[in-house]
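Examination of the molecular architecture
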Amino acid sequence: GAGVSQTPSNKVTEKGKYVELRCDPISGHTALYWYRQSLGQGPEFLIYFQGTGAADDSGLPNDRFFAVRPEGSVSTLKIQRTERGDSAVYLCASSRLGSGTPRNTGELFFGEGSRLTVL
Amino acid sequence: SQQGEEDPQALSIQEGENATMNCSYKTSINNLQWYRQNSGRGLVHLILIRSNEREKHSGRLRVTLDTSKKSSSLLITASRAADTASYFCVAGQNNAGNMLTFGGGTRLMVKP
């Protein structure tokens, strides 16, 4: 597609359940980011992929959160044993190239987000 | 990471007026970017200014960058009701994996 696609757009689940959120980046974008945004706050960095590998996962709040990008394109954010505090909009963004390259503008292209509600 | 901090947190103006938002960051940067977010939707990139640039224009947007003060400003001229949104600045570091950390944003309301 033309832009970053995230599914589902909305997810309601019960406390303790497992959730997967999917991100389809723009074709050819090697860098992929996951952010979490609570109401009235700015996006909070979770994890950054360069290709297939997680270049920085320092933003993941705890070991219930995990993300993969096995083929360097689609990424899945996985949340185990969900808690009410996990309720937020989860944003995915992609960027054309990684760091240290002269052609990299650093511009991020965001999806519309997946709104997670944990009851 | 380079966190941008926006000021003010909220701004309310009349249509036709200019809106100015400020941003501060902490250490050296490669570029500074401004994004816009309509309520409940994804962020949209507005403009990027590189560390060796002082001012940049794009349509009704004017961005300035003062690396000595580690600050930037976004000016929206002749505002419209459709400019109502949250605006975020992000300082980008070329050798930091391009990880961008956002501040809390400025919530702009333009009254018709």
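Read on for an overview of the structure. (Residues numbered from 1 in each chain as written. Chains lettered and ligands numbered in written order. Predicted model: local features only at pLDDT ≥ 70, side-chain atom pairs only at ≥ 80, totals over all residues. Heavy atoms only, no water.)

Observations concerning the state of the cysteines
Covalent bonding between the sulfur atoms of two cysteines is what defines a disulfide. All names here are of chain A. Under the defined criterion, the tally for this structure stands at two disulfides over all chains. Between C23 and C92 runs a disulfide, and the two sulfur atoms are separated by 1.9 Å. Between C23 and C92, the S-S torsion sits near -70°, and that sign places the bridge as left-handed. Taken together, the positions of C23 in strand β3 (residues 19-24) and C92 in strand β9 (residues 88-95) put the pair 69 residues apart, joining distant regions of the chain. The residues C23 and C92 share a single accessibility class, namely buried. (Disulfide = S-S within 2.5 Å. Helix = DSSP H or I, 4+ residues; strand = E, 2+ residues; numbered from the N terminus. Buried < 20%, exposed > 50% of the residue type's maximum accessible area, 1.4 Å probe, protein only.)

What to know about the environment of G106 of chain A
Residue and element names in this part refer to chain A. Looking at the secondary structure, you find G106 in the loop between β9 and β10 (109-110). By relative accessible area, G106 is classed as buried at 1%. For the pair G106 and S94, spaced 12 residues apart in the sequence, the C-alpha separation amounts to 9.7 Å.

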